[in-house]
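Analysis of the macromolecular model
Next come the chains, spelled out residue by residue.
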Amino acid sequence: MSTLEVKVWRGGADGRFQTFPVPRRDAQTVLDVVTYIQRRLDPTLAYRFACRVGMCGSCAMTVNGQPRWTCRTHVTDVARKDTLEIAPLANLPIVRDLVTDMREFFDKWARARAQFQPTKTRRDDFARIEPASPARRAIDVAIECIGCGVCYAACDVVAWNRDYLGPAALNRAWTLANDTRDGAHRERLAAVAGDAGCHACHTHQSCTERCPKHLTPTASIAGLKRMTALAVLRGEL
Amino acid sequence: MSAWAETRLWLAQRASAAVLALCVAVHLATMIFAVRGGLSAADLLGRTRGSVGWAAFYSVFVIAVAIHAPIGLRTVAAEWLGWRGRVADGACALIGIALLVLGARAVAAVML
């Protein structure tokens, strides 16, 4: 059985990498590696995970320079000559070791008005939405976001413009902008337009390339650009 | 700057980019075609002077540049230099005005 040489980020923003030897196993994930280090080699290692099956979005880290969901990333797919470098997600403040402070990431969802604004009460009838309608289809392709922050860490514009809402918040806003039940359409378009919103996106597509759920936030942001532009031309923004 | 204004700037830059795509293609193709057998400045001016069509074409070209470039520079200043706000906006607007004046002078020099 071979051994992996694993460099793991320790400390805060001014920390450094610490190297651990970890035995290789069949079907071993990067999260398995981190868990082995914490349970067998150094119990002070801080990291975050919950479901281990790609649903909760809490275990994203930078693996060999790329943001990834570690629970669904196999070591065989990412290790280079039996070495791994594991760091916290980029573009977010480091709490300690592999744990980042996700507050600004989720605060930006709120700033993008990425919450459903109901227009009916429980006494009203069900909303009827045609599954094959263009708006419903636009929602379908963008709705499976697990909020892991991989797109946010991969985004160049987030690194350049700290106010930029980021791909995940804008992608969620796009699903709501297409939701015919929602009552905050105009306010949301105003929230996502401008220098900190969809118009700042340079279409580098790093978010789309890295999204572990294979979503296309770039297309969602392009949709918001079209929608806000039409709203301005119609005098609605 | 408001969402309304930012969206308008974005629209202006995209619309001017569409105009520039056409203008640059016509400009390059014309230059390559016009000088293929050798061409002097006098020959060139002989063709352009008094031409309403070329005057209109290059006027549109200059206006599109004067709209497109400062909006792009404003983004570059914000993202690469961290320079944002009214002073940065004003500096970029001045660059746009300068491009418009210099371009108009060049158009006038070869058309009038």
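Here we summarise the structure given alongside this text. (Residues numbered from 1 in each chain as written. Chains lettered and ligands numbered in written order. Predicted model: local features only at pLDDT ≥ 70, side-chain atom pairs only at ≥ 80, totals over all residues.)

With that settled, consider the overall build of chain A. Across its full length, chain A holds 10 helices and 7 strands. Along the first, second and third principal axes, the C-alpha atoms of chain A reach 65 × 35 × 30 Å. Across the 237 residues of chain A, 43% fall into the buried class. Taking as baseline every contact in chain A between residues at least 6 positions apart, the subset at least 24 positions apart corresponds to 65%. (Helix = DSSP H or I, 4+ residues; strand = E, 2+ residues; numbered from the N terminus. Buried ≥ 20, exposed ≤ 12 C-beta atoms within 10 Å, placed from the backbone. Contact = placed C-beta atoms within 7 Å.)

Take the interface of chain A and chain B next. Listed as interface residues are 11 residues of chain A and, on the opposing side, 10 residues of chain B. Per-element accounting of the side of chain A that touches chain B gives the leading share, 3 residues, to helix 10 (residues 217–233) of chain A.

The next thing to look at is the pairing of strand 1 (residues 3–10) of chain A. Residues and elements named next belong to chain A. Sheet topology note: the strand 1/strand 2 (residues 16–23) ladder contains 8 bridges and is antiparallel. Opposite leucine 4, over in strand 2, you have valine 22 as the bridge partner. Connecting strand 1 to the next strand, strand 2, in antiparallel fashion are 5 residues, including glycine 11 with a positive phi near 95°. As judged from the 4 bridges shared by strand 1 and strand 5 (residues 83–87), these two strands associate in the parallel manner. Considered in strand 5, the bridge of glutamate 5 is made with threonine 83. (Pairing = 2+ DSSP bridges.)

Residue and element names in this part refer to chain B. Between its first and last C-alpha atoms helix 3 (residues 52–80) spans 41 Å; for 29 residues at 1.5 Å apiece the expected length is 42 Å, and the two agree. Residues Tyr58, Val62, Ala64, Val65, Ala66, Ile67, His68, Pro70, Arg74 and Ala78 constitute the buried set of helix 3. The secondary structure elements touched by the buried residues of helix 3 are helix 1 (3–34) and helix 4 (86–111). Of the residues trailing helix 3, glycine 82 is marked for its positive phi of about 70°. (Expected span 1.5 Å × (residues − 1).)

Residue and element names in this part refer to chain A. Note on placement: methionine 61 falls in strand 3 (residues 60–63). Distance in space between the C-alpha atoms of methionine 61 and valine 30 is 9.4 Å, their sequence separation being 31 residues. Ignoring anything within four residues of it in the chain, the contact list for methionine 61 reads Arg68, Thr70, Ile86, Ala87, Pro88, Leu89 and Leu98.

Let us now look at the sheet that holds strand 3 of chain A. Residues and elements named next belong to chain A. Read from one edge to the other, the open sheet built from 5 strands follows the order 2-1-5-3-4, with strand pairing classed as mixed. Two strands lie at the open edges of the sheet, namely strand 2 and strand 4 (66–69), each paired on one side alone. Here the strands of the sheet are splayed against their neighbours by 35° on average, with no regard to which way each runs. Alignment of strand 3 against strand 4, held across 4 bridges, turns out to be antiparallel. If you follow methionine 61 over to strand 4, its bridge partner there is arginine 68. Running at roughly 95° to strand 2, helix 1 (residues 30–41) makes contact with strand 1, strand 2, strand 3 and strand 5 of the sheet. (Axes fitted to C-alpha atoms, helices over the stretch in contact; angles between N-to-C directions.)

Now for the nonpolar core. Burial of nonpolar side chains together is a common tendency in soluble globular proteins. Counting 65 residues, the largest nonpolar core has Ile86(A), Ala112(A), Leu170(A), Ala173(A), Val192(A) and Leu224(A) as the members making the most contacts within it. Ranked by residues supplied to this core, first place goes to helix 7 (residues 167–177) of chain A with 7 residues. Structurally, this core is a two-domain feature, drawing no fewer than three residues from each of domain 1 (3–100) and domain 2 (103–233) of chain A. The residues contacting Ala173(A), other than those within four sequence positions of it, are Ala112(A), Arg113(A), Ala114(A), Arg188(A), Val192(A) and Leu224(A). Residues Tyr58(B), Val62(B), Val65(B) and Ile67(B) belong to the second largest nonpolar core, which totals 6 residues. (Core = buried A, V, L, I, M, F, W, Y, C linked by C-beta atoms within 7 Å. Domains from an automatic or database assignment.)

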